[in-house]
Amino acid sequence: MNDFPVLHTERLILREIVDTDAQALFAIHGCAEVMRYFGSDPLMELAQAQALIATFSHWRGEGNSGIRWGISQKSDGKLLGSCGFFRWNHAWRSAMVGYELAQSAWGQGLMQEALAAILPYGFHAMNLNRIEAQIHPDNAASLQLMPKLGFVHEGQLREAGFWGEKFNDFVQFGVLRREYLEQA
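Residues numbered from 1 in each chain as written. Predicted model: local features only at pLDDT ≥ 70, side-chain atom pairs only at ≥ 80, totals over all residues. Heavy atoms only, no water.

Under an unreviewed UniProt entry, the name given to the protein is GNAT family N-acetyltransferase, and the organism recorded is Deefgea salmonis.

Novice: Any details on the packing of aromatic side chains? Residues and values, ideally.
Specialist: This model, assessed by the stated rule, comprises seven aromatic pairs. One aromatic cluster in this structure is built from Phe4, Trp69, Phe85 and Tyr121. (Phe/Tyr/Trp six-rings, centres within 6.5 Å; stacked < 30°, edge-to-face > 60°.)

Novice: Tell me about the environment of Ala160, and please be specific about residues and values.
Specialist: Topologically, Ala160 is positioned in strand 7 (residues 152-163). With ten residues separating them in the primary sequence, Ala160 and Phe170 have C-alpha atoms 6.6 Å apart. When near neighbours in sequence (up to four residues on either side) are disregarded, Ala160 contacts Asn168, Asp169 and Phe170. (Helix = DSSP H or I, 4+ residues; strand = E, 2+ residues; numbered from the N terminus. Contact = heavy atoms within 4.5 Å.)

Novice: Which residues make up the side chain of Ser82, and what values go with them?
Specialist: Assignment of secondary structure puts Ser82 in strand 4 (residues 79-89). Judged by its relative accessible area of 0%, Ser82 is buried. Separated by 2.8 Å, the side chains of Ser82 and Arg68 make a polar contact. Polar side-chain contacts of Ser82 include one of 2.7 Å to the side chain of Glu100. Once residues within four sequence positions are removed from consideration, Ser82 is found in contact with Ile17, Arg68, Trp69, Gly70, Ile71, Gly98, Tyr99, Glu100 and Met111. (Buried < 20%, exposed > 50% of the residue type's maximum accessible area, 1.4 Å probe, protein only. Polar contact = N/O pair within 3.5 Å; in protein donor to acceptor, adjacent residues only side chain to side chain.)

Novice: Before we move on, can you summarise the nonpolar core with the specific residues and values?
Specialist: With 37 residues, the main nonpolar core has Phe85, Leu115, Met146 and Phe151 as its most contacted residues. Of all elements in the fold, only strand 2 (12-16), strand 3 (67-73), strand 4, strand 5 (94-101), helix 4 (110-124), strand 6 (130-135), helix 5 (140-148) and strand 8 (166-176) reach the threshold of two or more residues within this core. Broken down by element, this core gets its largest block of residues, eight residues, from helix 4. One finds Ile17, Leu52, Ile53 and Phe56 within the second-largest nonpolar core, a separate group that totals eleven residues. (Core = buried A, V, L, I, M, F, W, Y, C linked by side-chain atoms within 4.5 Å.)

Novice: Mind laying out the pattern of salt bridges, listing which residues take part and the relevant values?
Specialist: On inspection of all chains with the given rule, the structure shows six salt bridges. Arg15 is paired through a salt bridge with Asp21; the nearest N and O atoms lie 2.7 Å apart. This pair shows no difference in class: Arg15 is buried, exactly as Asp21 is. Notably, a salt bridge pairs Arg130 with Glu154, separated by 2.6 Å at the nearest N-O pair. With Arg130 in strand 6 and Glu154 in strand 7, this residue pair connects regions lying 24 residues apart in the sequence. Relative accessible area serves as the criterion here: at 39%, Glu154 is assigned to the partly exposed category. When salt bridges that share partners are traced, they join Arg130, Glu132 and Glu154 into one network. (Salt bridge = Lys/Arg side-chain N within 4 Å of Asp/Glu carboxyl O.)

Shown next, in the form of structure tokens:
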């Protein structure tokens, strides 16, 4: 992976997250309501957002951990959130999808649009056979989103995550390459 794969949708540009995005990323990841179901506690300082950007860059530099796109609107270029693949298992040809969106951008169908753009990248460029999603059982918006993208409900993972000073369950979803290609 050399050049970052910029993706375009009707309303969005999915691009590399860079150092100048640190303040916007901090605003998103520092919001308790946004991070409520994300799987980690809100960031407390700007340096944590800068470290997160470095982590995303490191994933790409390794060429085997994953990829994270910054989601920005074509109209103004402002960072609204991010999405991408992590826990990329080359041998098993699988990865997890993760995402978050600024609260001001909720309810507009932007995440569905962004994920619909990255799924083909995962199946084709990354040669994935399986993409998984783990959703908090109280995250109604994400629970509704996954089937719209072709993900199948596979069960519940009990107390699989720890944040907010408590153990949290996840609802497991997955989509296979053949299922995805059949509906495309």
